[in-house]
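# Tertiary structure, described
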Amino acid sequence: MSEIFNIFVRSVFIDNMIFAYFLGMCSYLAVSKNVKTAFGLGWAVCFVLTVTVPVNYLIDKYLLREGALAWLGERFASTDLSFLSLIIFIAVIAGMVQLLEMVFERYLPALNMALGIFLPLIAVNCAILGGSLFMQERNFPTVAHSLSYAIGSGLGWLLAITAFAAIRERLKYAKIPPALQGNGIAYIITGLLGIGFMCFLGM
Amino acid sequence: MKQYLGPLSKDNPVLVQTLGVCSALAVTAQLKPAVVMALSVTVVCACSNFIISLLRNTIPPRIRIIVQLLIVSFFVILVDQVLQAFVYDISKLLSVFVGLIITNCIIMGRLEAFALSHKPLPSLIDGVMNGVGYGLVLVVVAFFRELLGSGTLWNYPIVPESWYAHGYLNNGLMILPPMALILVGTMIWGRNRVKVKS
């Protein structure tokens, strides 16, 4: 149990998707002009990660990994389909996003209004595919571990983009050299935030 | 000809359009993986641009994103297998970032903006040029990070031993991931400065 909690804390602060691995930087830079939309996108990413990582974990464990097909019988005991994992993961993510969009539209219109515009964008967000690939690389023992990893990474992403959007709103009133305005200063601030987050490394 | 040279500086995918930043920064602690990564992205971008452009009149617009993702991931798997077969140590170093080429916005962006509306040959050239533009940024960032961070280039020691004997230290901060962001920020600053002057 404590191991699961450890994975959660680790993925929020130390292995933060943005500050340690720069995953999802494109939407992070594009959708951080104000706190409200940044928060919306953050929740959407968090939600999709929480759904797709455990699904991909099960697929990886029971279909793709070397020896995973042993439950089919002796003949398949040494089959290794892991080279297919990239294409399967991305298909699962794209399909899941489509499915979620349809479910939201039908049953949760309020949530759909809030997340609606972001959901299609998320299929090609590196943070989502990255979550699944890191899950595969880390070899979690049970699906609960992968779930806690997914929630943690999602919250970490949410935290990062909200903090950055808040700073960016204040930045409008700061005096910045003209050539540095816009993207230049955005990169440098993210770098500084990243250095700040490195203080969690010793924990 | 001019439109093809755009990605190298005027419309550089990383510096100007802020596309494909995700993977660009994580692999630049050393020169070698950065070059391998740049080559992989160039190959994937050029090939998928070419194929999508061939199919551009047959893909139904409603499902084009899925078709694009499938074609791109096909080429990424090819590249991944080639890397694992021939340069295994570097492919271990790049780890998940080879797989993340699929969601590299440069590739999807070029497919949407160029390949869907142009003939195969121009699309191929456009893909190569965008890959090279991306690679240039990677190589510059990796050059400074490896030189200042570990005192080597392409794993060959550059900083002479005698400097270390006199108390020269490598800048450990350069190896850490956040420095890549700060370096790219500085590159954008310099580039805008030159543009404002001219």
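What counts, and where the lines are drawn
- Per chain, residue numbering runs from 1 following the sequence as it is written.
- Labels follow written order: the first chain is A, the first ligand is 1, and so on.
- Under the rules for a predicted model, residues below a pLDDT of 70 receive no local features and side-chain atom pairs below 80 are neither given nor counted, while totals for whole chains, interfaces and linings still include all residues.
- Side-chain metrics rest on all non-hydrogen atoms present in the structure, leaving aside hydrogens and water.
- Each reported salt bridge corresponds to a side-chain nitrogen of Lys or Arg within 4 Å of a carboxyl oxygen of Asp or Glu.
- Runs of H or I in DSSP of at least four residues are treated as helices and runs of E of at least two as strands, each being numbered from the N terminus.
- Throughout, disulfides are identified as pairs of cysteine sulfur atoms within 2.5 Å of each other.
- Partly exposed describes any residue whose relative accessible area lies between the buried limit of under 20% and the exposed limit of over 50%, with all areas from a 1.4 Å probe on protein chains only and scaled to the type maximum.
- Only buried residues count toward a nonpolar core. Its members are Ala, Val, Leu, Ile, Met, Phe, Trp, Tyr and Cys residues joined through side-chain atoms within 4.5 Å.
- Residues are treated as being in contact if the distance between any of their heavy atoms lies within 4.5 Å.
- Here the quantity called buried area is the total loss of accessible area, with a 1.4 Å probe, experienced by two parts when brought into contact, counted for both.
- Polar contacts here mean pairs of N or O atoms no more than 3.5 Å apart (in protein, one a potential hydrogen donor and the other a potential acceptor; neighbouring residues in sequence count only if both atoms are side-chain atoms).
- Only Asp, Glu, Lys and Arg are considered charged in this grouping, and only Ala, Val, Leu, Ile, Met, Phe, Trp, Tyr, Cys and Pro are considered nonpolar; every other residue, Gly among them, is considered polar.

### Comments concerning the pattern of salt bridges
Applying the stated criterion across every chain, the model contains five salt bridges over all chains. Between Glu112(B) and Arg64(B) there is a salt bridge, with the nearest N and O atoms lying 2.8 Å from each other. Placement of the pair is Glu112(B) in helix H7 (residues 105-113) and Arg64(B) in helix H4 (residues 64-86), with a sequence separation of 48 residues. Members of the salt-bridge network, linked through shared partners, are Arg10(A), Asp15(A) and Arg138(A).

### Details of the state of the cysteines
Two cysteines form a disulfide when their sulfur atoms are joined by a covalent bond. Scanning the model with the defined rule gives zero disulfides over all chains in all. Cysteine Cys46(A) remains unbridged, with the sulfur of Cys126(A) as its closest cysteine sulfur at 17 Å. By relative accessible area, Cys46(A) is classed as buried at 5%. Looking at Cys45(B), it has no disulfide partner, and the nearest cysteine sulfur is the one in Cys47(B), 9.5 Å off. On the accessibility criterion, Cys45(B) (1% relative accessible area) is buried.

### A short note on the nonpolar core
Met25(A), Tyr28(A), Ile122(A), Trp157(A) and Met37(B) are the most contacted members of the largest nonpolar core, which totals 114 residues. Once residues within four sequence positions are removed from consideration, Tyr28(A) is found in contact with Ile18(A), Phe19(A), Trp157(A), Ala160(A), Ile161(A), Phe164(A), Thr190(A) and Leu193(A).

### Thoughts on the interface of chain B and chain A
Size of an interface, as often reported, equals the accessible area lost when the parts are brought together. Contacts between the two partners involve 39 residues from chain B, matched on the other side by 36 residues from chain A. Summed over both partners, the interface of chain B with chain A buries about 3,200 Å², with 83% contributed by carbon and sulfur atoms. Linking chain B to chain A there are one residue pair in polar contact (both at pLDDT 80 or more). Where the side of chain B that touches chain A is concerned, the elements lending two or more residues are helix H2 (21-26), H4, helix H6 (96-99), H7 and helix H10 (178-197) of chain B. By residue number, the principal contributor to the side of chain B that touches chain A is H10(B), which donates ten residues. A breakdown of the residues in the side of chain B that touches chain A according to their chemical character gives 27 nonpolar, ten polar and two charged.

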